[in-house]
Amino acid sequence: MNGQDYLRGADFATDLNATWTGTTLTAAIRQLELRQGSVAVVSVAVAGDVTPGKALRATGKGTVSADFAALAKQPALAAHLPLLRGNVNVTFDGAMADGVTGKVSLSAQNLVAREGALALGAMDLAIDAKLDATHSGTVGNTLIVTKDGRKSDITLDGKVGVKPGAISFEGRVSGDQLIVDDLQAFAVLGAQGPSSAASVVKSAALTPAPAPRRSVAAPAAPASKLTGPIKDTAPVWAGFAGRVDLNIKAIKLDAATTLGDLRGALAIREDRLAVETVSGKLNGNPFKISTLLSFDGKLARPYALAGTVEIPGFDVGAFLRKADPSAPPALETTFTIASKFNGTAANLPEFADRIQGQLDFKGSKGVLRALNKKSETASLGIGLAGLGAALLGQQKLAAGLNSAAELAQLLKDMPFDGIEVQVERGADAAIVVKSIEVLSPMMRLTGTGRIDAKPGVPFATSPLALNLQLAAKGQLANGLNQARQLDGKTDAKGYYLMATPFALAGTVEKPDSSDFWKNLTLNTAGGFLR
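Quick caveat, the model's predicted, so the values are computed rather than measured.

Cut-offs applied
Residues numbered from 1 in each chain as written. Predicted model: local features only at pLDDT ≥ 70, side-chain atom pairs only at ≥ 80, totals over all residues. Heavy atoms only, no water. Helix = DSSP H or I, 4+ residues; strand = E, 2+ residues; numbered from the N terminus. Buried < 20%, exposed > 50% of the residue type's maximum accessible area, 1.4 Å probe, protein only. Contact = heavy atoms within 4.5 Å. Areas by Shrake-Rupley, 256 points an atom, 1.4 Å probe, with all protein chains shown as cover. Core = buried A, V, L, I, M, F, W, Y, C linked by side-chain atoms within 4.5 Å. Pairing = 2+ DSSP bridges. Salt bridge = Lys/Arg side-chain N within 4 Å of Asp/Glu carboxyl O. Arc of directions from axis to C-beta. Polar contact = N/O pair within 3.5 Å; in protein donor to acceptor, adjacent residues only side chain to side chain. pLDDT = per-residue confidence, 0-100. Phe/Tyr/Trp six-rings, centres within 6.5 Å; stacked < 30°, edge-to-face > 60°. Lys NZ or Arg CZ within 6 Å of the ring centre and 35° of its normal.

**Q** Would you mind showing me how to read the overall build of the protein chain here?
**A** The secondary structure content of the protein chain amounts to nine helices and 29 strands. Out of the 530 residues belonging to the protein chain, those deemed buried represent 35%. Long-range contacts, defined here as pairs at least 24 residues apart, represent 52% of the contacts in the protein chain between residues at least 6 apart. If you sum the accessible surface of the protein chain, you get close to 29,900 Å²; carbon and sulfur atoms cover 59% of it.

This is the structure we're talking about:
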């Protein structure tokens, strides 16, 4: 065709056979093969029979295999195949009479996607289905993906019903391990690759040019009106109903995040989708989630979401260490987290900006290092200032600054008995710290503020803006008093208030307490010079 090669160096062989016996047609393709030299590019072998009648009866089985590295060498296919390399084998065996039974297995090895030459590893898929005359029956699917010694496996099995416009399913999803990155990589096979230059040339050569015609100005389109988010007229699960039970031992979301022992159920009805107490472990920390997503098409925002999350033992220190292994975590404690959330939306993506709710954190005994960042340098700096004041004859100032230096060491790695934090996410998507309290026999730290968390940005690196008040008893109160930091007032629990509140900035993983140490130094010096 137009001097272009569509197949190059290829040999084609086939062996077909068909016979009629009574009312039954029996046919077989014993061999249908495309070869390139000694390499079998595509091989097909199929056999079956068909008996026409009021109820069609048929059986069939066969195998199909393909070598994508060889296929990619053929000019007609080179620019259109999703794979650069890979060996794929498919076998099937089925029958149709008063229902349908069938088994399909696919084995794909050494897969490399055309898009980015991405290595995908190997995939094995097995499907086994038995449906009766009403299109109801059982189905079982098993998918295994292996790559670089890693293995993902998932099995879906249960009872299915198929009717016009509706599919129901009652079953379970189970597996030992799912590695999300390895599974997501297969999405690249759906990418539309650019056409090759040769394909463009051939298309131009084979397609006659249209006759020239005078251009006619099209009527101007009416200006579109922005009326807000596009409203879904039906739920995303429309046409599906049923229940799926979950039992997956591990899901690796990324190198640092693993969901373990995932158990629970997903129930779907025409107007609602419910997550029924899914439980598991996030990086070893237990959690429970219950969620109800409902749909009412009469409303401006038809989706309504409500749910709870419970995490009885979240190890904050371990979480912060993974974010920054190079330094001790700013806070070490085990939190019990209780969360309630809700929201409405015109479509599912809109929930990202409209979810609101409250999180309550209650922590066990632990260590606070949020004031450590400048404690060592503050201790050294204040100590040197005290030495300088002594040399200049300012003995009271020197004594006060030395007390401040000792105080800096006292505030380093502060142990506490408990911590409580209440956080809210409002309709404006801001994360507001409504209250925070850290309590020990000699220290009480309270405050409010916000965390500027944003989608796609790790929470640990989110900017922090807290306004805090330190109060003290015992040794810490004495130290603050000697450093002229107290104003003589006490809080509701009898702790002596530090004269000047301070701001805690930085990020969640790396708080910046510069404002605290600046106030400590200036207030101490000012108090003794007055």
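**Q** Honestly, unusual backbone geometry in this entry has me stumped. Any pointers?
**A** With phi around 50 degrees, A117 is a residue other than glycine that occupies positive phi space. Structurally, A117 is set in the loop between β6 (100-113) and β7 (119-131). Look at D148: it is not a glycine, yet its phi comes out positive at around 50 degrees. In this structure, D148 sits in the loop between β8 (136-147) and β9 (150-163).

**Q** Teacher, can you tell me more about the nonpolar core here?
**A** One recurring pattern in soluble globular proteins is that nonpolar side chains are buried together. With 65 residues, the main nonpolar core has F335, V421, L445, L470 and F516 as its most contacted residues. When sequence neighbours within four positions are dropped, the list of residues in contact with L470 reads L411, M443, R444, L445, L480, Y496, L497, M498, F502 and F516. In terms of nonpolar packing, the next biggest core, distinct from the first, is built from 19 residues, A72, A108, L111 and A185 among them.

**Q** Is there a simple way to explain the sheet that holds strand β20 (residues 366-368) in this structure?
**A** Strand pairing in a sheet is mediated by backbone hydrogen bonds. Such pairs are either parallel or antiparallel. Taken in spatial order, the three strands make up an open sheet running β17-β20-β21, and their pairing is antiparallel. Because the sheet does not close on itself, it has two edges, and the strands there are β17 (331-332) and β21 (414-416). Two elements, β20 and β21, share three bridges in a ladder whose sense is antiparallel. Counted as the bridge partner of G366 is F416 from β21.

**Q** Before we go on, may I ask you to explain the pattern of salt bridges in this structure?
**A** Opposite charge on two side chains makes pairing possible when the charged atoms of those side chains draw close. Per the counting criterion, the structure on display carries 17 salt bridges. Of the charged contacts, one joins K249 and D176 as a salt bridge, the two residues approaching to 3.4 Å between their closest N and O atoms. With K249 in strand β12 (residues 240-254) and D176 in the loop between β10 (166-175) and β11 (178-179), this pair connects stretches of sequence that are 73 residues apart. Judged by relative accessible area, which is 52%, K249 ranks as exposed. The salt bridge involving D413 is made with R369; its shortest N-O contact spans 3.3 Å. Here D413, found in the loop between α7 (395-410) and β21, pairs with R369, found in the loop between β20 and α6 (375-391); they are 44 residues apart in sequence, far enough to count as distant. Bridged by salt links that share partners, the residues R321, E332, R369 and D413 form one connected network.

**Q** What exactly am I supposed to notice about the pairing of β12 here?
**A** Where a strand is regular, its side chains alternate between the two sheet faces. Across nine bridges, β10 lies against β12 in parallel orientation. Each bridged residue has a counterpart across the sheet, and for G171 the counterpart in β12 is V244. Relative to β12, β11 is paired through two bridges, and the arrangement is parallel. In the strand pairing of β12, L178 is matched with I251. Of the strand pairs in this sheet, β12 and strand β13 (residues 257-268) are connected by 11 bridges, and their pairing is antiparallel. Paired with D245 across the strands is A265, a residue of β13. In textbook terms, the turn of a hairpin is the stretch between consecutive antiparallel strands, and for β12 and β13 this stretch comprises two residues.

**Q** Got a minute to help me understand the pairing of strand β16 (residues 303-315) in this structure?
**A** Of the strand pairs in this sheet, strand β15 (residues 285-295) and β16 are connected by eight bridges, and their pairing is antiparallel. Residue pairing across strands places K288 opposite E310, the latter belonging to β16. Sheet topology places β16 next to strand β18 (residues 334-345); 11 bridges connect them, and they run antiparallel. Bridging across to β18, E310 finds its partner in A338.

**Q** Would you take a moment to explain helix α4 (residues 316-323) for this structure?
**A** Since there are 3.6 residues in each turn of an α-helix, residues three or four apart along the chain are aligned in direction. Among the residues of α4, V316, G317 and L320 are the ones counted as buried. Axial view of α4: buried residues confined to an arc of 95 degrees, hence all on one face. Buried-residue contacts for α4 involve β16, β17 and β18. For α4, the N-terminal capping position is held by D315, with its side-chain oxygen 3.2 Å away from the main-chain nitrogen of G317.

**Q** How do you make sense of the side chain of T51 when you look at a structure like this?
**A** Structurally, T51 can be placed in strand β3 (residues 39-51). A polar contact is formed between the side chain of T51 and the side chain of T24, at a distance of 2.8 Å.

**Q** What should I look at first to understand the confidence of the model for the protein chain in this one?
**A** Detail in the predicted coordinates should be disregarded across regions flagged by low pLDDT. Across the protein chain, the average pLDDT comes to 82, with 82% of residues at 70 or higher. Counted against residues more than four places away or in other chains, residues 195-218, with its pLDDT under 50, gives 11 contacts.

**Q** Sorry, what's going on with the environment of A108 here?
**A** Within the secondary structure, A108 is located in strand β6. Residue classification places A108 among the buried residues on the basis of a relative accessible area of 3%. Put simply, A108 and V145 are 37 residues apart on the chain and 9.5 Å apart in space, counted from C-alpha to C-alpha.

**Q** How should helix α8 (residues 474-482) be read in this particular structure?
**A** Inspection of α8 places L476, A477, G479 and L480 among the buried residues, and these make up the whole buried set. What you see down the axis of α8 is that its buried residues fit within an arc of 160 degrees, all on one side. After α8 finishes, the residue R484 shows a positive phi value of roughly 60 degrees.

**Q** What exactly am I supposed to notice about the packing of aromatic side chains here?
**A** Centre distance and the angle of the planes are the two values used to describe a pair of aromatic rings. Across all of its chains, the model carries five aromatic pairs by this definition. Each ring, one from W237 and one from Y303, has its centre 6.2 Å from the other, and the planes form 65 degrees; the classification is edge-to-face. Here W237 is found in the loop between α3 (197-206) and β12, whereas its partner Y303 is found in strand β16, with 66 residues between them in sequence. Owing to a relative accessible area of 0%, Y303 belongs among the buried residues under this scheme. Geometry around Y495 places K473 over its ring, the cationic atom sitting 4.4 Å from the centre.

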